[in-house]
2 protein chains.
Amino acid sequence: MARPKEFDKDLALDAAIGVFREHGFEGTSAGMLTGAMKIGRQSLYDTFGDKWRLYCAAVARYAEAETRAHLAALRGASRAIDGLGEMMQRVVAEARRPCLGIGSICEFGRRSAELSAIHDAAHAALQAAIVRRVGEAQAAGDVRPDLDPQEATGFLLGNVAAIRLAARGGADDAHLAALGRLALRALR
Amino acid sequence: MARPKEFDKDLALDAAIGVFREHGFEGTSAGMLTGAMKIGRQSLYDTFGDKWRLYCAAVARYAEAETRAHLAALRGASRAIDGLGEMMQRVVAEARRPCLGIGSICEFGRRSAELSAIHDAAHAALQAAIVRRVGEAQAAGDVRPDLDPQEATGFLLGNVAAIRLAARGGADDAHLAALGRLALRALR
DNA sequence: TCCTTTATTGACTGATCATTCCATAATCCG
DNA sequence: CGGATTATGGAATGATCAGTCAATAAAGGA
C-alpha cells in the first residue's frame, strides 16, 4: 500500500504540534514545519492542505490527546478527590512544555470559528468529566458541599491554565507545585 | 518646541499597545501600527527604532500601567482583604481586553532576555506589594494563618492570569466573576 | 521487468514584510 | 519673511513567506 517509506501522518502531526506549541501559528514558517516533521514541502501541502488547516489539525489532535490524559488522571485513583489531585499533579509535571491550547487561545481569542469549535468541544468534554468527579468528591465529603461543582470545575481548569502560564513565564518547579496544591486545597 | 502637530509619543505608544495586545507581535504589521497610532511610517521608525523596540516599549509601558492599577486597587480599601478583593474585581471587570503581558509571555516564553527583564521587574514589584497585603490580612485574621504569603500571592497572580485567559477564550461575565470570587475565598 | 504510487526537491510566483532614502509639506521661532 | 525643525508618504530594497508546478527518484506489486 505504499512505495517510498510512506510517512506516518500522525507522527508528522505530532512534530507539527511541537513546533506550533513553541512558536505559535504566526511564528512558525513552512520550513520550520517540514524540518521538524521530516517530510518534504510538497508532502506537507498534499497531506494537510495549507498551513492553517495543518494548524487546526494540530490543535484538534493536541486537544484530544490532552483531554485523554486529563481523563486518565481523573480516573487514575479510586477516590474522586485523589483523581482531581492526580490531574493537577500531572499538569504540574508536564508544565515545562508550552500548551498549544493556551497558545492558540492567546493568539486568536475567538477570531476563528473553526478554532473556537475545537476548543469548545474539548472544553465541554473535560468540563463534564471534572464536574462529575467533583460531585463524587463532594458526596464523599472531600470537597466542601457549599461549592457549585460547575464553578469549582471552572476554577480547577483556570488553575491548570495558570500553572502552565507560570511555567511559560519561567516559574520554578516549587512554585508550580504550590499552585497545584493551593488550587486543590481550595476545594476543601 | 515643534512644528507640525508634533504627536504625543505616549499616546502613540498606547495605540500600539492596543494593537499588540490584540494581535501579538508576529500578528502585527507596521501598517497596522501606523494606522492605529495615526502617525506616518517614517515617524514610527524615527521615534521607536524598529518593530521589536516598539514592542518592548509597549510591553514595558503596559506593565507599568498595569502594575500601577493593581497597586491602586490593593490600596483602595483600608482592610487588606478588601484591597485584595478590589484587585481581583478590577481584573474581572477589565478582562475583556486581552492582556499584553500574558500575550507576550505566551508568544515568547523566556526566549528574549530583554522581554523577560521587563516582565520580571513588573512581577517583582507587584509580588512584593501583594505579599505585604496578604501579611496584613493575615494579621487581621481575614486570611488563614497557615498560608505562606509568598505562595498565596503566587496563587492570586495565577488566578489573575486564569481570569484573563478565560475571558480571551470566551467565558461569560458570570464565569469570570466566579473565578475571582473563588480565588479570594481560597485564602479564607 | 514494468507500472503505479508516493515522496522529494528545485524553480517559480505573487504577496507581504520590515526598513530605508528622499522629496515634500507643514509649522513654529526669530 | 526666512530658516530650522518635524512629520509625512512615495518609491524602492531585499528578505521571507505561503503555495504551486513539474521533474525526478524510490520502491512495492503485478
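Residues numbered from 1 in each chain as written. Chains lettered and ligands numbered in written order. Predicted model: local features only at pLDDT ≥ 70, side-chain atom pairs only at ≥ 80, totals over all residues.

Thoughts on the overall build of chain A
- Looking only at helices and strands, one finds nine helices and zero strands in chain A.
- Overall size of chain A, expressed as C-alpha extent along the three principal axes, is 60 × 35 × 30 Å.
- When each of the 188 residues of chain A is scored for burial, the buried share is 41%. (Helix = DSSP H or I, 4+ residues; strand = E, 2+ residues; numbered from the N terminus. Buried ≥ 20, exposed ≤ 12 C-beta atoms within 10 Å, placed from the backbone.)

Quick notes on the packing of helix α7 (residues 113-139) of chain B against helix α8 (residues 149-168) of chain B
All names here are of chain B.
- Relative orientation of the contacting elements α7 and α8 amounts to 120 degrees, with a least axis distance of 9 Å. For the pair α7 and α8, the sense of crossing is right-handed. Taking contact as the criterion, the partners of Gln-127, Ile-130, Val-131, Val-134, Gly-135 and Gln-138 in α7 are, on α8, Pro-149, Gln-150, Ala-152, Thr-153 and Leu-156. (Axes fitted to C-alpha atoms, helices over the stretch in contact; angles between N-to-C directions. Left-handed = near helix turned anticlockwise from the far one by under 90°. Contact = placed C-beta atoms within 7 Å.)

Topic: the relation of the copies chain A and chain B
- Mapping chain A onto chain B calls for a rotation angle of 180 degrees and an axial translation of 0.0 Å; the resulting RMSD is 0.0 Å. Such values leave the two copies arranged in the relation of a two-fold axis.
- Mapped onto chain B, 100% of the interface residues of chain A again fall at the interface, so both copies present the same surface. (Least-squares fit on C-alpha atoms with pLDDT ≥ 70 in both.)

Describing the environment of Leu-157 of chain A
- Mapping Leu-157 of chain A onto the fold places it in helix α8 (residues 149-168).
- Put simply, Leu-157 of chain A and Met-88 of chain A are 69 residues apart on the chain and 9.2 Å apart in space, counted from C-alpha to C-alpha.

Some thoughts on the nonpolar core
- One finds Ile-163 of chain A together with Ile-163 of chain B to be the most contacted residues of the largest nonpolar core, which totals 112 residues.
- Apart from residues no more than four positions distant in its own chain, Ile-163 of chain B is found in contact with Val-91, Val-92, Ala-95, Leu-176, Leu-179 and Gly-180 of chain B. (Core = buried A, V, L, I, M, F, W, Y, C linked by C-beta atoms within 7 Å.)

Here's the deal with helix α5 (residues 80-93) of chain B
Residues and elements named next belong to chain B.
- Relative to the 20 Å expected for 14 residues at 1.5 Å per residue, α5 spans 20 Å between its end C-alpha atoms, a close match to the ideal helical length.
- Among the residues making up α5, those that are buried are Ala-80, Ile-81, Gly-83, Leu-84, Gly-85, Met-87, Met-88, Val-91 and Val-92.
- For α5, the elements touching its buried residues are α4 (51-74), α7, α8 and α9 (173-185). (Expected span 1.5 Å × (residues − 1).)

Looking at the interface of chain A and chain B
- Counting residues at the interface gives 30 residues for chain A, matched by 30 residues for chain B.
- Residues belonging to the side of chain A that touches chain B are distributed by class as follows: 13 nonpolar, twelve polar and five charged. (Nonpolar A, V, L, I, M, F, W, Y, C, P; charged D, E, K, R; others polar.)

Some points on unusual backbone geometry
- Of note, Lys-38 of chain A is a non-glycine position whose phi angle comes to about 55 degrees, a positive value.
- Here Lys-38 of chain A lies in the loop between α2 (30-37) and α3 (41-48).

Comments concerning the packing of helix α1 (residues 9-23) of chain A against helix α4 (residues 51-74) of chain A
Residues and elements named next belong to chain A.
- Axis separation between α1 and α4 bottoms out at 9 Å; the angle between their running directions is 95 degrees. By the criterion of interaxial angle, the relationship of α1 to α4 is roughly perpendicular. Of the residues in α4, those touching α1 at Leu-13, Ala-16, Ile-17 and Phe-20 are Leu-54, Tyr-55, Ala-57, Ala-58, Arg-61 and Tyr-62.
- Taken together, the residues that form the contact of α1 with α4 break down as nine nonpolar, no polar and one charged. (Parallel < 35°, antiparallel > 145°, perpendicular 65-115°, else oblique.)

Looking at the environment of Cys-106 of chain B
- Residue position: Cys-106 of chain B is located in helix α6 (residues 100-108).
- Taking the C-alpha atoms as reference, Cys-106 of chain B lies 9.5 Å from Gly-24 of chain B; in sequence the two are 82 residues apart.
- The contact partners of Cys-106 of chain B, leaving out residues within four places of it in the chain, are Ile-102, Gly-103, Cys-106 and Arg-168 of chain A.

As for the confidence of the model for chain A
- The pLDDT averaged across chain A works out to 97; a share of 98% of its residues lies at or above 70.
- Scored as a whole, the predicted complex attains pTM 0.96, and scored at its interfaces, ipTM 0.95. (pLDDT = per-residue confidence, 0-100.)

A closer look at α4 of chain B
Residue and element names in this part refer to chain B.
- The end-to-end C-alpha distance of α4, which contains 24 residues, comes to 34 Å, matching closely the 34 Å that a straight helix rising 1.5 Å per residue would cover.
- Inspection of α4 places Leu-54, Tyr-55, Ala-58, Val-59, Tyr-62, Ala-63, His-70 and Leu-74 among the buried residues, and these make up the whole buried set.
- Buried residues in α4 make contact with α1 (9-23), α3 (41-48), α5, α6 and α7.

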